[in-house]
Amino acid sequence: MKIEALFYQIEGDFAICMLCPHGCHIKEGNRGVCRVRGALRDESGNLRLYTFNYGEVSSLALDPIEKKPLVNFFPGTFILSVGSYGCNLKCLFCQNYHIAHEDPHTVFMSPEDMVKKIQAHTDSIGIAFTYNEPTVWYECVLDTAMLLKKHLPDKKVVLVTNGYINETPLKKLLPYIDAMNIDLKGDDNFYRNICSGTMPEVMQTIKIADEMGVHVEVSTLIIGKINSDDETLIDIGEFIKNINPDITLHISRYFPCYKMSEPPTEIETIGKSYHTLKKILPDVRVGNLTLEELRSIIEI
Ligand code: SF4
């Protein structure tokens, strides 16, 4: 469903989107980098920015909270997880490219429908906006989160996000968010060369979310030697420690996907990364390994 977008201004022939750091300048009939926001004329002939994925659901499942991953937020519970389509980063290794960068089949669910669904799932602690990038589903996420907090205030709202969002929309959304898992993918060169984005705004999101009392956990996919050099890992660890040393960092093993054909990250590299980060942060978790592989690098 198409609705008018929040956070834009018109300058001449362009609608300028201010939701994320790309700041797309969009001409009539075109869309931004995320593919889900575009400029059209309204019935009076005025240029406006619209979001096209409002209420469009591509994926819905009841997941363990640990799968988000969030390990220190209501462990052992389940959460209704929902996603749409579109993303504002272009990570070459995208694991959800079929919904991030393609046009999946969707079913319309209004925010009211989603709240009813959560109410019906008494075994769910709330809703997680995940699978595709929730910040480019902004208006639907905000409306649903506000409605949920109004009618079912004990239910939780979770975002699993790349954190690539501007400060003003972020601060408008965070009062309705209980927990976030935010990717911190590498250094700024990594963001520029592999994700078509930039790093400082993601760091800003982590900092603001923590300051505003949101439970934050961070995820880093370790891709071979590309982002596992000591300098990158120490910078990530120190950055998190300086914000809040209690933040859990999840590192996980990369496997080839989408446009990246590098071989799977060696187990040894995951082990080295873990031990480097563990010298800085008390809570580092490792994902995408079998128990046997995990035991080969960590004493458990
Ligand atoms: S949200 Fe989409 S349209 Fe808006 S600036 Fe970001 S990529 Fe561009």
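To keep things clear, this report deals only with the structure shown in the data block. Model, not experiment: these values are computed from the prediction.

### Points about helix α3 (residues 138-151)
The end-to-end C-alpha distance of α3, which contains 14 residues, comes to 20 Å, matching closely the 20 Å that a straight helix rising 1.5 Å per residue would cover. Along α3, the residues classified as buried are Tyr138, Glu139, Cys140, Val141, Leu142, Thr144, Ala145, Leu147, Leu148 and Lys149.

### What about the packing of aromatic side chains?
For the structure shown, the criterion picks out five aromatic pairs. Ring centres of phenylalanine 73 and phenylalanine 74 lie 4.9 Å apart, and the angle between their planes is 85°; this geometry places the pair in the edge-to-face category. A centroid spacing of 5.9 Å and a plane angle of 75° characterise the contact between phenylalanine 129 and tryptophan 137, whose relative ring orientation is edge-to-face. Sitting over the ring of tyrosine 50, lysine 2 keeps its end group 4.9 Å from the ring centre.

### Quick notes on empty space enclosed by the protein
Evaluation of the coordinates by the stated rule reveals one cavity of 30 Å³ or more. Considering only enclosed or pocket space, the largest cavity measures out at about 90 Å³ in volume. Forming the walls of the largest cavity are 13 residues, and the residues nearest its centre are Cys17, Cys20, Cys24, Cys34 and Arg37. Here the residues of the lining of the largest cavity sort into eight nonpolar, four polar and one charged.

### Quick notes on the layout of surface pockets
For the largest pocket, the calculated volume is near 1,200 Å³. If you go around the largest pocket, you meet 41 residues; those closest to its centre are Lys68, Pro69, Gln95, Asp183 and Ser219. Secondary-structure elements contributing two or more residues to the lining of the largest pocket are β12 (156-161), β13 (179-183), β14 (215-222), β15 (248-253) and β16 (284-287). Per-element tally for the lining of the largest pocket: the top contributor is β16, with four residues.

### Here's the deal with the environment of isoleucine 79
Within the secondary structure, isoleucine 79 is located in strand β9 (residues 78-83). Distance in space between the C-alpha atoms of isoleucine 79 and asparagine 46 is 41 Å, their sequence separation being 33 residues. If we ignore the near neighbours within four places in the chain, the residues touching isoleucine 79 are Ala61, Leu62, Asp63, Ile65, Lys68, Ser124, Ile125, Gly126, Ile127, Ala128, Lys156 and Val158.

### A few points about the sheet that holds strand β4 (residues 25-27)
What the three strands build is an open sheet, ordered β2-β3-β4; its pairing is antiparallel. Edge positions in the open sheet fall to β2 (8-11) and β4, since each of these has one partner strand only. With strand direction ignored, the average angle separating the axes of adjacent strands in the sheet is 30°. Relative to strand β3 (residues 14-17), β2 runs antiparallel, the two being bridged by four bridges. By the bridge assignment for β3, isoleucine 10 is matched with alanine 15.

The rules we used
- Residues numbered from 1 in each chain as written.
- Predicted model: local features only at pLDDT ≥ 70, side-chain atom pairs only at ≥ 80, totals over all residues.
- Heavy atoms only, no water.
- Helix = DSSP H or I, 4+ residues; strand = E, 2+ residues; numbered from the N terminus.
- Expected span 1.5 Å × (residues − 1).
- Buried < 20%, exposed > 50% of the residue type's maximum accessible area, 1.4 Å probe, protein only.
- Phe/Tyr/Trp six-rings, centres within 6.5 Å; stacked < 30°, edge-to-face > 60°.
- Lys NZ or Arg CZ within 6 Å of the ring centre and 35° of its normal.
- 1 Å grid on protein atoms, 1.4 Å probe; cavity = no way out; pocket = protein on both sides within 12 Å on 5 of 7 lines; lining within 4 Å.
- Points joined across faces, edges and corners; volume = space filled by probe spheres on them.
- Nonpolar A, V, L, I, M, F, W, Y, C, P; charged D, E, K, R; others polar.
- Contact = heavy atoms within 4.5 Å.
- Pairing = 2+ DSSP bridges.
- Axes fitted to C-alpha atoms, helices over the stretch in contact; angles between N-to-C directions.

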